[in-house]
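The primary structure of each chain is shown beneath.
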Amino acid sequence: MDPFTVSATAITVALAAGVSKTNRDNWVKDRSLPQALKEEHGDVSLPVVAVHVRRVDMVPDFQGEPLRICIKYGVKGAALGCDTASFIPEVQARPRISRLVSRQPELYSGMQIDSTCLFLLSQDIQPIIRVLVRKAGLRRNTIAEARISLMQLSERGLAELPLVGPSGHQIGKVAIACKALEVLPCDLTKSLAVARATSQKGAYLFSGVSPIVEGALADETSGSDDGTPPASLTTPLAGKPVLHSAINLQSCL
């Protein structure tokens, strides 16, 4: 099946009720970036969407508890997924001047993640990015979720999203950056090698590498002088930006 086309009936079924495991595996394979990269040859560009998770902050209740971030591209039942490595939130106290003002220290549990998930941009996947925070382990216990449409992102693609728990209350926040690009298979292959990216069922995972660039490969791992990581996507990926008008304009939220 062509990864960019699917019947209207199949889309409706997938969005409304999900699919069986066998059909689900086939659905993912048809839209998998690793699979598309195997099949593409020559100078035909691949449209991709990169989702970089910069940092996650949680309420202090989760201090010291192993957690995991899962990035979903698409709505529930019709989405591609990408798992980052597990992390343990660390408590950070307010700066001294803030404590003097409030007279009471306020603690935050957070962690710099710096991981990028790279998906094949598909016309039949709704342009929704969902960030799921799960407890680490075999059970997929989701404790918080954030979501945004690619169409709602600024030109820089940066966003800070509230993480909402099952109760509907905000229990954290996540800083992300997204960018849609058209990349040549040869450049993508080089990028995967440079970044030591790992292949997952429907995506590639980059962990803390260099800034994304448009048109040429780069390997600039340093941030600012004070040690702050770069604010942009940290992926050595060459390509041309995909305009908003070229991204699927389906209703999403």
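Residues numbered from 1 in each chain as written. Predicted model: local features only at pLDDT ≥ 70, side-chain atom pairs only at ≥ 80, totals over all residues. Heavy atoms only, no water.

*Asks:* How would you explain the nonpolar core if you had to name every residue and give the values?
*Replies:* If you look at the biggest cluster of nonpolar residues, it comprises 43 residues, and the most contacted ones within it are V56, M58, I71, F119, V174 and I176. Residues in contact with V174, not counting those within four places in the same chain, are V53, R55, V56, V131, A146, A159, E160, L161 and L163. The next biggest cluster of nonpolar side chains, apart from the first, holds 16 residues, and it includes A36, A195, F206 and L237. (Core = buried A, V, L, I, M, F, W, Y, C linked by side-chain atoms within 4.5 Å. Buried < 20%, exposed > 50% of the residue type's maximum accessible area, 1.4 Å probe, protein only. Contact = heavy atoms within 4.5 Å.)

*Asks:* Go over the pattern of salt bridges, please, and point to the residues and values.
*Replies:* Counted according to the given criterion, the structure contains six salt bridges. In this structure, E65 engages K135 in a salt bridge whose closest nitrogen and oxygen atoms are separated by 3.7 Å. Linking E65 in the loop between β1 (46-58) and β2 (67-75) with K135 in strand β6 (residues 128-135), this pair joins segments that are 70 residues apart in sequence. In this structure, the salt-bridge partner of R147 is E145, at a minimum N-O distance of 3.7 Å. Judged by relative accessible area, which is 37%, R147 ranks as partly exposed. Judged by its relative accessible area of 26%, E145 falls in the partly exposed class. (Salt bridge = Lys/Arg side-chain N within 4 Å of Asp/Glu carboxyl O. Helix = DSSP H or I, 4+ residues; strand = E, 2+ residues; numbered from the N terminus.)

*Asks:* How would you summarise the pairing of strand β3 (residues 78-83) if you had to cite specific residues and measurements?
*Replies:* With six bridges joining them, β2 and β3 adopt antiparallel strand pairing. Within β3, the position partnered with K72 by the bridge is G81. Joining the antiparallel neighbours β2 and β3 is a turn of two residues, in which G77 adopts a positive phi near 95 degrees. (Pairing = 2+ DSSP bridges.)

*Asks:* So, the packing of aromatic side chains: which residues are in play, and what are the values?
*Replies:* Taken as a whole and assessed by the stated rule, the structure comprises one aromatic pair. Taking the centre distance of 5.7 Å and the plane angle of 45 degrees together, the rings of Y73 and F119 count as tilted. Of the two residues, Y73 is situated in strand β2 and F119 in strand β5 (residues 107-120); the sequence distance between them amounts to 46 residues. A single burial state applies to Y73 and to F119, both of which are buried. (Phe/Tyr/Trp six-rings, centres within 6.5 Å; stacked < 30°, edge-to-face > 60°.)

*Asks:* Can you explain the confidence of the model for the protein? Please cite residues and give values.
*Replies:* Averaged over every residue, the pLDDT of the protein is 76; residues scoring 70 or more account for 68%. Considering only residues more than four positions removed or in separate chains, one finds that residues 1-19, a stretch of pLDDT under 50, has 28 contacts. Predicted confidence is poor over residues 216-232, with pLDDT under 50, and the contacts of this stretch with residues over four places away or in other chains come to 26 contacts. (pLDDT = per-residue confidence, 0-100.)

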